[in-house]
Amino acid sequence: MKEQRQMRQPEIVMLPDAAALTEAATRFFVEAVRSAIAQRGWSAVALSGGSTPRALYRRLAQPPVCEEIKWHRVHLFWGDERAVPPDHPESNYRMAKETLLDHLPIPPANVHRILSERGADAAAEQYETELRQVFGVTPGEVPVFDLILLGIGADGHTASLFPHTAALAVRDRLVVANEVPQIGTTRITFTAPLVQAAALVIVLATGPDKADAVARAIEGPKDVEETPAQLLRCAQGRVVWLLDRAAGSRLASAG
Ligand code: 6PG
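Here the structure is a predicted model, which is why all the values come from computation and not from measurement. (Residues numbered from 1 in each chain as written. Predicted model: local features only at pLDDT ≥ 70, side-chain atom pairs only at ≥ 80, totals over all residues. Heavy atoms only, no water.)

Concerning the pairing of strand E9 (residues 238-244)
Filter applied, for reference: Exposure is judged per residue with a 1.4 Å probe applied to protein chains only, and the accessible area is read against the type maximum: over 50% gives exposed, under 20% gives buried, and values in between give partly exposed. A run of DSSP states H or I qualifies as a helix once it reaches four residues; a run of E qualifies as a strand once it reaches two. Both are numbered from the N-terminal end. Two strands qualify as a pair provided that DSSP identifies no fewer than 2 bridges between them. The path from the first strand over the helix to the second decides the hand: if it runs clockwise while the strands point away from the viewer, the crossover is right-handed.
With six of seven residues buried, E9 lies mostly within the body of the structure. Judged from the five bridges that link them, strand E1 (residues 11-15) and E9 form a sheet pairing that is parallel. Bridge pairing links Glu11 to Val240 in E9. The sheet contact formed by strand E8 (residues 200-205) and E9 spans six bridges and is parallel. Directly across from Val203, in E9, lies its bridge partner Trp241. Following the chain from E8 across helix H6 (residues 211-219) to the adjacent parallel E9, one finds a crossover that is right-handed.

Here you go:
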């Protein structure tokens, strides 16, 4: 299906260093969640994996920041997961548990882990069902997250939507298993329609090795198969790129 949506201009925020980036991400996170709770009584956030968000998760777990959010009104999900058990060093759930979940008064029922130990296909199907139940949406509707946190790989992937992989073309599912030959594994990932539906997407990127992918994603010639993070150009909500100077250094707008 051709994307007919109006291209949405992303908001690009360049921060001087990692501490400033963490602070900015914390402010966006707290504001998005508090606003949703004020409007609807609850908030749904999808966490990203990898290493970049660790500092943000640690900051959210520390007083007084952690006291700014009514965590019992927050439902946490993951935008993707590796095909490993939850206690594996590469598990995105484990990283968030250690840096954030273990330090929050969040009810276990509000933490929606991808059950990767069931196998990628079964875990993806189960997760999609759980998503629909929590959001109370019908099979034809796409849940709207208040916030989806994303990273970007040096190859331009985001979540576990890697270049030239089958999940990139999926439009009729929310969560799928995605075989990623370039890293010799299968991941579980949100699909583009679910990411694009979010009210707010925040992409965190630091370091020079992300600079080329960030520039391709934001300003490069349209080729989503080659740079999957370009799917954010068709987002329906706000897209905010929080970058340090190195990650933003190849942007024309960086001057
Ligand atoms: C994952 C992430 C992935 C990540 C990027 C960036 O499961 O690894 O969801 O999309 O955000 O690969 O990872 P870093 O933050 O480690 O650079």
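Here the narrative resumes.
A closer look at the site of the ligand
For clarity, the threshold we go by: Here a residue is considered near a molecule or strand provided that any single heavy atom belonging to it is located within 4 Å of it. Between N or O atoms, a polar contact is any pair within 3.5 Å; within protein, one atom must be a potential hydrogen donor and the other a potential acceptor, and residues adjacent in sequence are included only when both atoms are from side chains. Classification used: nonpolar for Ala, Val, Leu, Ile, Met, Phe, Trp, Tyr, Cys and Pro, charged for Asp, Glu, Lys and Arg, polar for all others including Gly.
Near the ligand, the surroundings consist of 13 residues, among which Thr52, Arg82, His157, Ala159 and Lys210 are the closest. Contact between the ligand and His157: an oxygen atom at 2.7 Å from a side-chain N or O atom of the residue. Class assignment for the residues of the shell around the ligand results in two nonpolar, seven polar and four charged.

So, helix H4 (residues 120-135)
What counts, and what does not: By this rule the span expected of a helix is its residue count minus one, scaled by 1.5 Å. Contacts: residue pairs with any heavy atoms within 4.5 Å of one another.
Under the 1.5 Å per step criterion, the end-to-end length of H4 is 22 Å for 16 residues, consistent within 8% with the ideal 22 Å. The set of residues buried in H4 consists of Ala120, Ala123, Ala124, Tyr127, Glu128, Glu130, Leu131, Arg132 and Phe135. Its buried side turned inward, H4 meets strand E2 (43-47), strand E3 (74-78), strand E6 (175-180), strand E7 (185-190) and helix H5 (192-196). Phi for Gly136, located one or two positions after H4, is positive at around 65 degrees.

A word on the layout of surface pockets
Put simply, the test is: The definitions used throughout rest on a 1 Å grid laid over the protein atoms alone, on which a cavity is an enclosed set of points accommodating a 1.4 Å probe that cannot get out and a pocket is an open set flanked by protein within 12 Å on both sides along at least five of seven lines; lining residues are those having an atom within 4 Å of a point. Grid points are joined across faces, edges and corners, and a volume is the space filled by probe spheres set on the points.
Of the volumes computed, that of the largest pocket is approximately 320 Å³. Gly49, Gly50, Gly151, Ile152 and His157 are the residues nearest the centre of the largest pocket, which is lined by 23 residues in total. Those elements giving two or more residues to the lining of the largest pocket turn out to be strand E4 (80-82) and strand E5 (147-150). Roughly 230 Å³ of internal volume is contained in the second largest pocket.

So, helix H1 (residues 18-40)
For H1, which comprises 23 residues, the first-to-last C-alpha distance of 33 Å matches the rise-based estimate of 33 Å (1.5 Å per residue) to within 8%. Two or three places before Ala19, at the start of H1, stands the capping residue Asp17, its side-chain oxygen 3.2 Å from that residue's backbone nitrogen.

Some details on the sheet that holds E4
What counts is decided by this rule: Only the contacting stretch of a helix is used when fitting its axis, a line to C-alpha atoms as for every element, and angles between N-to-C directions run 0 to 180 degrees.
Read from one edge of the open sheet, three strands run E4-E7-E6, paired in antiparallel fashion. Strands with a single pairing partner mark the edges of an open sheet, and in this sheet they are E4 and E6. Between one strand and the next, the sheet's axes are offset by a mean angle of 25 degrees, whatever the strand orientation. Note: E4 against E7, three bridges, orientation antiparallel. When the sheet's bridge partners are listed, Asp80 is paired in E7 with Thr189. Each of E6 and E7 is contacted by H4, which is oriented at about 155 degrees to E6, the strand it contacts most.

None of the figures reported here should be taken as evidence of function without further support.
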